[in-house]
Amino acid sequence: MSFLLDACKLFECDEKDLTEFSLQDPFNPSNFVKGYLSRIQDHRYGSLYITHINEKYKPQMIPGVPKIHYPFVTNQKGERVYQFGACTRAIFREKLDGTSIASYRYTDGKEQYVSYKTRLTPFL
């Protein structure tokens, strides 16, 4: 069974768009997790396809946090020109840092575990 081909089918991508990982979960240290991370820069960006938990085949997809592009372009004077899509309401918050940290759940078939990741890593 080719787990890489399964991941390619799931994410509808080429092998070059995925990064294989095999790591101990630092938040659940009894778990060793294997799978693939998507580097496709759309809604699949940072998504995980977990194939194994502790050497047991437990396939599951973990959606990533897609990158939201800034709503401006820079003109010839170096000024930002904002271009918002059609909307009825917008909420703005101060950006305190540049790191996106997401929590997610995965299962070994018996228990659910909570872990944490940055956009392009399986674990913090």
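Report on the accompanying structure. Starting from 1, residues in each chain are numbered consecutively following that chain's sequence as written. It should be noted that, the model being predicted, local features are given only for residues of pLDDT at least 70 and side-chain atom pairs only at 80 or more, the latter also being counted only at that level, while totals for whole chains, interfaces and linings use all residues. Hydrogens and water molecules were not included; the side-chain quantities draw on all heavy atoms of the structure.

**Description of the sheet that holds strand 3 (residues 48-53)**
- Strands qualify as paired when DSSP identifies two bridges or more between them. Helix and strand definitions follow DSSP, with helices as H or I runs of at least four residues and strands as E runs of at least two, each counted in order from the N terminus. Within the open sheet, the four strands sit side by side as 1-2-3-4. Their pairing is antiparallel. Edge positions in the sheet fall to strand 1 (18-24) and strand 4 (56-62), since each has one partner strand and no second. The sheet shows a mean angle of 20° between the axes of neighbouring strands, taken without regard to direction.
- Pairing analysis gives five bridges linking strand 3 to strand 4, with the strands arranged antiparallel. Its bridge partner being in strand 4, Tyr 49 is matched across the sheet by Met 61.
- The contact criterion used throughout is that any non-hydrogen atoms of two residues lie within 4.5 Å. Orientation is described by axes fitted as lines to C-alpha atoms, over the contacting stretch for helices, and by angles from 0 to 180 degrees between their N-to-C directions. Those strands touched by helix 1 (residues 3-11) are strand 1, strand 2 (32-38), strand 3 and strand 4, and its axis lies near 150° from that of strand 3.

**Details of the side chain of Ser 47**
- Counting through the fold element by element, Ser 47 comes out in the loop between strand 2 and strand 3.
- Engagement of the side chain of Ser 47 in a polar contact is seen with the backbone nitrogen of Gly 64, the distance being 2.9 Å.
- When residues no more than four places from it in sequence are discounted, the contact partners of Ser 47 are Phe 11, Tyr 36, Leu 37, Ser 38, Met 61, Ile 62, Pro 63 and Gly 64. N or O atoms closer than or at 3.5 Å make up a polar contact, with two conditions inside protein: a donor-capable atom paired with an acceptor-capable one, and, for residues adjacent in sequence, both atoms drawn from side chains.

**Examining helix 1**
- Relative accessible area decides the class of each residue, using a 1.4 Å probe on protein chains only: under 20% of the type maximum gives buried, over 50% gives exposed, and in between gives partly exposed. The complete set of buried residues in helix 1 reads Ala 7, Cys 8 and Phe 11. The buried side chains of helix 1 occupy one side of the element, clustering within an arc of 100° when seen end-on.
- Looking at the buried side of helix 1, the elements it contacts are strand 1, strand 2, strand 3 and strand 4.
- Just downstream of helix 1, Glu 12 is the residue with a positive phi angle, here 50°. Directions pointing from the helix axis toward each C-beta atom define the arc.

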